[in-house]
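# Descriptive analysis of the structure
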2 protein chains.
Amino acid sequence: MKKYNIPVEAALEVIGGKWKVVILCHLIKGKKRTSELKRLMPGITQKMLTQQLRELEEDNVILREVYNQVPPKVEYSLTDYGWSLKQILDLLCHWGEQHIEKTFDNPEDMVVQINEE
Amino acid sequence: MKKYNIPVEAALEVIGGKWKVVILCHLIKGKKRTSELKRLMPGITQKMLTQQLRELEEDNVILREVYNQVPPKVEYSLTDYGWSLKQILDLLCHWGEQHIEKTFDNPEDMVVQINEE
DNA sequence: CATATAGGGTACTTTTAGGTAACTATGGAA
DNA sequence: TTCCATAGTTACCTAAAAGTACCCTATATG
């Protein structure tokens, strides 16, 4: 049984890692299909996306809904437990925006906009 | 010049990684010497500790104060900019505690208490 | 019959993170 | 004189994370 030296480690085990917070920030804006997530995260590979989604699902943070059709359709959304992270995610997003503004000369150049529709 | 697909990535670049949030959570409780941090984080090696502290310092999140004495004394504390993360860190800690309580049968067994004094 | 589709799985390789151990400085104590 | 303490640095090596390339399914379309 794994032990923590400080409780925040338990939170990091769930939302730590390179992609999980980003995935959750997208899901906060609504249910998303796998292909939408891939489009929103051009840097992620299929393998990593699936892997991170599986782990989030295992931690009961997101819900995976499989539609029985061909070609497949799978939708991901936050669970109630996932929604308990909303404030943290919102603050992180906001802090990130401020950090970009504070740190870079041309903040608007730092974010590659991806159409949400 | 590195670009982000979503601003939260900028936040993750600063506080992402295995140790940074943990370090910051300790520093929220006050200025700490290197040896204190090592004691509070039994799992971290000297090398990783120094490395993470350097990166946090470079991002202007923590302050490194070197006392000119032998044996050396170095103290780390949050900068004003570091304090702007306080709410996020507090929420993460709190979420971690809740997560432990929710997830494990004997939550109190999950945290190896380390004396703060 | 060939092909595209969406959402995967998997074996293999590369890259990165992290660990280990040895080394540094300096002044005071044993 | 030798050792200890603190806070490092560095070279080297291993382990973990991530990338690449390929495979699968089952239906619809041309």
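Remember, predicted model here, so these are calculated numbers, not experimental data. (Residues numbered from 1 in each chain as written. Chains lettered and ligands numbered in written order. Predicted model: local features only at pLDDT ≥ 70, side-chain atom pairs only at ≥ 80, totals over all residues. Heavy atoms only, no water.)

Within the secondary structure, Ser77 of chain B sits in strand β3 (residues 73–78). Beyond its immediate chain neighbours, meaning those up to four positions away, Ser77 of chain B contacts Leu27, Lys31, Val61, Ile62, Leu63 and Glu65 of chain B. (Helix = DSSP H or I, 4+ residues; strand = E, 2+ residues; numbered from the N terminus. Contact = heavy atoms within 4.5 Å.)

Take the protein's contact with DNA strand D next. Taken together, 17 residues form the shell around DNA strand D, and within it Lys47 of chain A together with Thr34, Arg64, Pro72 and Tyr76 of chain B come nearest. Considering the 4 Å shell around the protein, atoms of DNA strand D inside it are sugar or phosphate in 68% of instances. Here a phosphate oxygen of DNA strand D sits 2.8 Å away from a polar atom, N or O, in the side chain of Thr34 of chain B. In the environment of DNA strand D, a phosphate oxygen lies 2.8 Å from a nitrogen or oxygen atom belonging to the side chain of Tyr76 of chain B. (Near = heavy atom within 4 Å. Polar contact = N/O pair within 3.5 Å; in protein donor to acceptor, adjacent residues only side chain to side chain.)

So, on to the protein's contact with DNA strand C. Lining the immediate environment of DNA strand C, one finds 17 residues, of which Thr34, Arg64 and Tyr76 of chain A together with Lys47 and Val70 of chain B sit closest. Taken together, the sugar and phosphate atoms account for 67% of what DNA strand C places within 4 Å of the protein. Arg33 of chain A places a side-chain nitrogen or oxygen 3.0 Å from a sugar or linking oxygen of DNA strand C. Note that a base oxygen of DNA strand C is positioned 2.2 Å from one of the side-chain N or O atoms of Lys47 of chain B. Breaking the surface near DNA strand C down by element, the ones donating at least two residues are α3 (34–40), α4 (46–58) and β3 (73–78) of chain A together with α4 (46–58) of chain B. Of the residues in the surface near DNA strand C, the class split is 6 nonpolar, 5 polar and 6 charged. (Nonpolar A, V, L, I, M, F, W, Y, C, P; charged D, E, K, R; others polar.)

To continue, consider the UniProt feature "domain: HTH hxlR-type" (unreviewed entry) in chain A. As annotated by UniProt and renumbered to match this structure, "domain: HTH hxlR-type" (unreviewed entry) occupies residues 6–104 of chain A. The span residues 6–104 of chain A shows a helical share of 59% and a strand share of 14%, and its end C-alpha atoms are spaced 34 Å apart. (UniProt positions renumbered as here; feature names shortened; annotations may be inferred.)

With that settled, consider the nonpolar core. Counting 65 residues, the largest nonpolar core has Leu24 and Ile62 of chain A together with Leu24 and Ile62 of chain B as the members making the most contacts within it. If we skip the residues at most four places from it in the chain, Leu24 of chain A touches Ile15, Leu56, Val61, Ile62, Leu78, Leu85 and Leu89 of chain A. (Core = buried A, V, L, I, M, F, W, Y, C linked by side-chain atoms within 4.5 Å. Buried < 20%, exposed > 50% of the residue type's maximum accessible area, 1.4 Å probe, protein only.)

Okay, the environment of Ile44 of chain A next. Residue and element names in this part refer to chain A. Mapped onto the secondary structure, Ile44 falls in the loop between α3 and α4. What makes Ile44 buried here is its relative accessible area of 8%. Distance from Ile44 to Lys18, taken between C-alpha atoms, is 9.7 Å for residues 26 residues apart in sequence. With residues near it in sequence (within four places) discarded, Ile44 still touches Trp19 and Leu49.

Our focus in this paragraph is the pairing of strand β2 (residues 62–67) of chain B. Residue and element names in this part refer to chain B. For β2 and β3, the ladder comprises 6 bridges, and the chain directions are antiparallel. Each residue of the ladder has a partner; that of Val66, found in β3, is Val74. Where β2 folds back on β3, the antiparallel hairpin that results is connected by 5 residues. (Pairing = 2+ DSSP bridges.)

A few words on helix α1 (residues 8–15) of chain B. Residues lying three or four places apart along an α-helix face the same way, a consequence of the helix completing one turn every 3.6 residues. Burial analysis of α1 of chain B places 7 of its 8 residues in the buried class, the great majority of the element. For α1 of chain B, the full list of buried residues reads Val8, Glu9, Ala10, Ala11, Leu12, Val14 and Ile15 of chain B. Check the buried side of α1 of chain B and you find it contacts α2 (20–27) and α6 (86–103) of chain A together with α2 (20–27) and α4 of chain B.

This part takes up the layout of surface pockets. Its boundaries defined by the atoms lining it, the largest pocket holds a volume of some 730 Å³. Lining the largest pocket are 31 residues; nearest its centre among them are Gly16 and Gly17 of chain A together with Gly16, Gly17 and Lys18 of chain B. Mapped onto the lining of the largest pocket, the elements with two or more residues apiece are α1 (8–15) and α2 of chain A together with α1 and α2 of chain B. Tallied by class, the residues present in the lining of the largest pocket amount to 13 nonpolar, 8 polar and 10 charged. (1 Å grid on protein atoms, 1.4 Å probe; cavity = no way out; pocket = protein on both sides within 12 Å on 5 of 7 lines; lining within 4 Å. Points joined across faces, edges and corners; volume = space filled by probe spheres on them.)

All told, the structure shown has 10 salt bridges over all chains when counted by the stated rule. With a shortest N-O distance of 3.1 Å, Lys31 of chain A and Glu65 of chain A are connected by a salt bridge. Placement of Lys31 of chain A in the loop between α2 and β1 (32–33) and of Glu65 of chain A in strand β2 (residues 62–67) is noted, with a sequence separation of 34 residues between them. Between Lys86 of chain B and Asp90 of chain B there is a salt bridge; the shortest N-O distance is 2.6 Å. With Lys86 of chain B and Asp90 of chain B both in helix α6 (residues 86–103), this residue pair falls 4 residues apart, about one helical turn. Bridged by salt links that share partners, the residues Lys31, Glu65, Lys73 and Glu75 of chain A form one connected network. (Salt bridge = Lys/Arg side-chain N within 4 Å of Asp/Glu carboxyl O.)

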